[in-house]
Amino acid sequence: MDLEIGPLDLSAHVDEALAVQAAAFGLGADEVAVRRQIVLRHMTHPGARALGATLPTGELAGFVYGMPNDRTHWWSTVVEPYLRAQDNDAWLDDSFVITELHVHPDHQHQGAGRTLITTITETATEPRSILSAIDIESPARALYRSLGYQDLARRVLFPSAPRPYAVMGAPLPLKDFRRARPPG
């Protein structure tokens, strides 16, 4: 991986980050405009922080951001009934939420996502992490599972989202559960 992982002033680089997210997630211009306001608002929350994966040219190839979870945030209010139905709503307390993690398709499958999420959670003071991901078997869900995330609720419906999501949680620090490859 020839990407440098480091702190990212997401408010200053929001358009670059959303271009990565649009490419990775297939977002249209209207969705990007809405998400721009959300990202800028999130970055004003206490404890919010971001990391970027930058190419030697300075181009942003991926990013992650998150913050200590707050039950009054919109995301928490949407997922709370689903978590409560599974007796998992305590995960909303004392958790660091991974709000977004995206790597440009040209740079996926090179370890950037794994490095971004493990690096941002290394400094979390909370004992656990939560996130949501589209509720399908995908490389993203496999990555999260390999780091210790488990499903806490499935078929979570967000307003205006066309597909259901899963809420996943893991104790911190994250563990790498990938099987060791035999030498050679």
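Residues numbered from 1 in each chain as written. Predicted model: local features only at pLDDT ≥ 70, side-chain atom pairs only at ≥ 80, totals over all residues. Heavy atoms only, no water.

Notes on the nonpolar core
Then comes step 1: Grouped together as the largest cluster of nonpolar side chains are 29 residues, with contacts concentrated most on L10, F63, Y65, W75, V79 and V167.
Then comes step 2: When residues of this core are traced back to their parent elements, those giving at least two are α1 (14–25), β3 (60–68), α3 (74–85), β5 (128–134), β6 (150–156) and β7 (165–171).
Then comes step 3: Not counting residues within four places of it along the chain, the set of residues in contact with F63 comprises L8, L10, A17, V20, Q21, L51, G52, E100, L101, H102 and L116.
Then comes step 4: Within the second largest apolar cluster, 25 residues are counted, among which are L3, L51, L55 and L101. (Core = buried A, V, L, I, M, F, W, Y, C linked by side-chain atoms within 4.5 Å. Buried < 20%, exposed > 50% of the residue type's maximum accessible area, 1.4 Å probe, protein only. Helix = DSSP H or I, 4+ residues; strand = E, 2+ residues; numbered from the N terminus. Contact = heavy atoms within 4.5 Å.)

What about the pairing of strand β2 (residues 49–54)?
A regular strand places its side chains on the two faces of the sheet in alternate fashion.
Then comes step 1: Summarising the sheet, strand β1 (residues 4–7) and β2 pair through four bridges and their orientation is antiparallel. Pairing of E4 across the sheet is with T54, part of β2.
Then comes step 2: Sheet topology places β2 next to β3; six bridges connect them, and they run antiparallel. Bridge pairing in β3 places T54 opposite L60. (Pairing = 2+ DSSP bridges.)

Thoughts on helix α4 (residues 112–122)
Then comes step 1: Those residues of α4 that fall on the buried side of the exposure criterion are A112, G113, R114, L116, I117, I120 and T121.
Then comes step 2: Turning to α4, the residues buried within the fold contact β1, β2, β3, β4 (95–103), β5 and α5 (139–146).

Considering the packing of aromatic side chains
In this description, an aromatic ring pair is defined by two values, namely the gap between the centres and the angle between the planes.
Then comes step 1: Evaluation of the coordinates by the stated rule reveals three aromatic pairs.
Then comes step 2: Ring centres 5.9 Å apart and planes at 65° place the aromatic pair Y144 and Y149 in the edge-to-face group.
Then comes step 3: Judged by relative accessible area, Y149 falls into the buried class, the value being 2%.
Then comes step 4: For the ring pair F158 and Y165, a centre distance of 5.2 Å and an interplane angle of 85° mean the geometry is edge-to-face. Considered together, F158 and Y165 belong to a single accessibility category, that of buried residues.
Then comes step 5: Ring-pair connections join several aromatic residues into one group, and the members of that group are W74, F158 and Y165. (Phe/Tyr/Trp six-rings, centres within 6.5 Å; stacked < 30°, edge-to-face > 60°.)

What to know about unusual backbone geometry
Then comes step 1: Residue P173 follows L172 across a cis peptide bond; omega there is 0°.
Then comes step 2: By secondary structure assignment, the location of P173 is in the segment after β7.
Then comes step 3: Located in the positive-phi region is D94, a residue other than glycine, with phi close to 55°.
Then comes step 4: Position of D94 among the secondary structure elements: in the loop between α3 and β4.
Then comes step 5: Although it is not a glycine, R155 adopts a positive phi angle of roughly 55°.
Then comes step 6: Checked against the element boundaries, R155 lands in strand β6.
Then comes step 7: A residue is classified by how much of its surface remains accessible, and R155, at 56% relative accessible area, is exposed.

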